[in-house]
Amino acid sequence: MSAERTGNRSTPGAAKEPPLAFIRSLYHVLDRHYGDLRWWPGETPFEVAVGAILTQNTNWRNVEKAIENLKKENLLSPAAINASEDGRLETALRPSGFYRVKAKRLRAFANYLVRFCGGTMEGLMAEGAGEIRAKLLTIHGIGEETADSIVLYGLGKPVFVVDAYTRRILERHGISEARESYGAVQRLFVEALPKSPAVYNQCHALLVQVGKDYCRKEPRCDSCPLSGLNSPPGAGGKP
Ligand code: SF4
């Protein structure tokens, strides 16, 4: 990691906060602005994991409809999904979009739980976050953001989730670049914040909320609570 990324770099006279200080400020400003947002809806760890897989490329309302269908069809368990016929599972997942692809991904995840974890999410729990994450990444269709969402929200272990809003906000404030790897962005938050599932949960929720409310395709910097941090694009050009 470069000196720039450690947050120790300081340019005399520069107004711009170094990356780790920026992230800490961002967290405190948004936490004060929004209060406690910690979230990820789901009645069970498995339902949370299913939501994490289905939310790829769609909005949460569509995910909820698909999960409702799985419940109605008695398909919301690893064993039921693993044993289900393609057509039945795909029909239930239709509201979530890309339902054939998602049916394959969901079945691969359910199959993994059935084969290696006694058919339960609890069977995944025994190991540390890093080991679980590495195993999830071997399953068809589970990428870094989905794996981390399952580990953080489904299992309550401390792994920071990086999503498109996180990247956009850091990029617009000159903290990271568009092509920065997932791991590099994640490391910034891990180094800046206490290693706590509650803090990671809250920070991700805050980033999603400010992304939806202000940091849209066309940023609304004038009214955004983060407008005082570094130089956003709407406050006088690129940082
Ligand atoms: S809307 Fe502007 S001030 Fe707010 S996070 Fe995005 S770039 Fe920053």
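What counts and how
- Residues numbered from 1 in each chain as written.
- Predicted model: local features only at pLDDT ≥ 70, side-chain atom pairs only at ≥ 80, totals over all residues.
- Helix = DSSP H or I, 4+ residues; strand = E, 2+ residues; numbered from the N terminus.
- Rg over C-alpha atoms; globule rule 2.2 N^0.38 Å.
- Core = buried A, V, L, I, M, F, W, Y, C linked by C-beta atoms within 7 Å.
- Buried ≥ 20, exposed ≤ 12 C-beta atoms within 10 Å, placed from the backbone.
- Domains from an automatic or database assignment.
- Contact = placed C-beta atoms within 7 Å.
- Arc of directions from axis to C-beta.
- Axes fitted to C-alpha atoms, helices over the stretch in contact; angles between N-to-C directions.
- Left-handed = near helix turned anticlockwise from the far one by under 90°.
- Nonpolar A, V, L, I, M, F, W, Y, C, P; charged D, E, K, R; others polar.
- Parallel < 35°, antiparallel > 145°, perpendicular 65-115°, else oblique.
- Near = placed C-beta within 6 Å.

## Overview of the overall build of the protein
Next, step 1: The secondary structure content of the protein amounts to 13 helices and 0 strands.
Next, step 2: Secondary structure elements of the protein occur, N-terminal to C-terminal, as α-α-α-α-α-α-α-α-α-α-α-α-α.
Next, step 3: Here the C-alpha atoms of the protein give a radius of gyration of 19 Å, agreeing with the 18 Å that 2.2 N^0.38 yields for 239 residues.
Next, step 4: Once the C-alpha set of the protein is aligned to its principal axes, its extents read approximately 65 × 35 × 30 Å.

## Observations regarding the nonpolar core
Next, step 1: Ala49, Phe109 and Val210 are the most contacted members of the largest nonpolar core, which has 55 residues in total.
Next, step 2: Ranked by residue count, the leading element in this core is helix α3 (residues 45–54), at 7 residues.
Next, step 3: Looking at which domains feed residues into this core, each of domain 1 (17–37 + 161–233) and domain 2 (45–154) gives three or more.
Next, step 4: If we skip the residues at most four places from it in the chain, Ala49 touches Phe109, Met121, Ile150 and Gly154.

## Structural notes on helix α6 (residues 86–93)
Helical periodicity: at 3.6 residues per turn, an α-helix aligns residues three or four positions apart in one direction.
Next, step 1: All of the buried residues along α6 are Leu89, Ala92 and Leu93. Along the long axis of α6, the arc covered by the buried residues comes to 95 degrees, so they all point the same way.

## Structural notes on the domain arrangement of the protein
Next, step 1: Here the protein is described as being made up of domain 1 (17–37 + 161–233) and domain 2 (45–154).
Next, step 2: For domain 1 versus domain 2, the distance between C-alpha centres works out to 27 Å.
Next, step 3: Contact with domain 1, which involves 7 residues of that partner, is made by 5 residues of domain 2.
Next, step 4: At 3 residues, helix α13 (residues 197–213) tops the list of elements feeding residues into the side of domain 1 that touches domain 2.

## Regarding helix α10 (residues 144–154)
Next, step 1: With 9 of 11 residues buried, α10 is to be regarded as a mostly interior element.
Next, step 2: For α10, the set of buried residues is Thr146, Ala147, Asp148, Ser149, Ile150, Val151, Leu152, Tyr153 and Gly154.
Next, step 3: Contacts made by the buried residues of α10 are with α3, α9 (129–136) and α13.
Next, step 4: The first or second residue beyond α10 is Gly156, which carries a positive phi of 70 degrees.

## Structural notes on the packing of α6 against helix α7 (residues 99–116)
Next, step 1: Where α6 contacts α7, the two axes come as close as 9 Å, and the packing angle between them is 115 degrees. Both α6 and α7 take part in a crossing whose hand is right-handed. In this structure, α6 contributes Asp86, Leu89, Glu90 and Leu93 to the contact, and α7 contributes Tyr99, Arg100, Lys102, Ala103 and Arg107.
Next, step 2: Of the residues assigned to the contact of α6 with α7, the class counts are 4 nonpolar, no polar and 5 charged.

## Let's talk about the packing of α3 against helix α4 (residues 60–72)
Next, step 1: Two numbers describe how α3 lies on α4: the axes approach to 10 Å, and their chain directions differ by 130 degrees. Between α3 and α4, the angle is such that the two are oblique. The handedness of the crossing between α3 and α4 comes out as right-handed. Contacts from Glu47, Val50, Gly51 and Leu54 in α3 reach Val63, Ala66 and Ile67 in α4.
Next, step 2: Of the residues in the contact of α3 with α4, the class split is 5 nonpolar, 1 polar and 1 charged.

## Topic: the site of the ligand
Next, step 1: Not every one of the 15 residues close to the ligand is listed here, only the nearest: Cys215, Pro219, Cys221, Cys224 and Pro232.
Next, step 2: Across the shell around the ligand, the residue classes tally to 10 nonpolar, 3 polar and 2 charged.

## Thoughts on unusual backbone geometry
Next, step 1: The residue Asn57 is not glycine, and still its phi comes out positive at about 60 degrees.
Next, step 2: Residue position: Asn57 is located in the loop between α3 and α4.
Next, step 3: Among the residues examined, Asn57 registers 11 C-beta atoms within 10 Å and is labelled exposed.
Next, step 4: Positive phi is not limited to glycine here, since Phe98 has a value of about 45 degrees.

## Section: the environment of Gly123
Next, step 1: With respect to the helices, strands and loops of the structure, Gly123 is situated in helix α8 (residues 122–125).
Next, step 2: Looking at Gly123, the number of C-beta atoms within 10 Å reads 14, which means it is partly exposed.
Next, step 3: Linking Gly123 and His173, residues 50 residues apart in sequence, is a C-alpha distance of 41 Å.
Next, step 4: In contact with Gly123, not counting residues within four places along its chain, are Leu113, Cys117 and Gly118.

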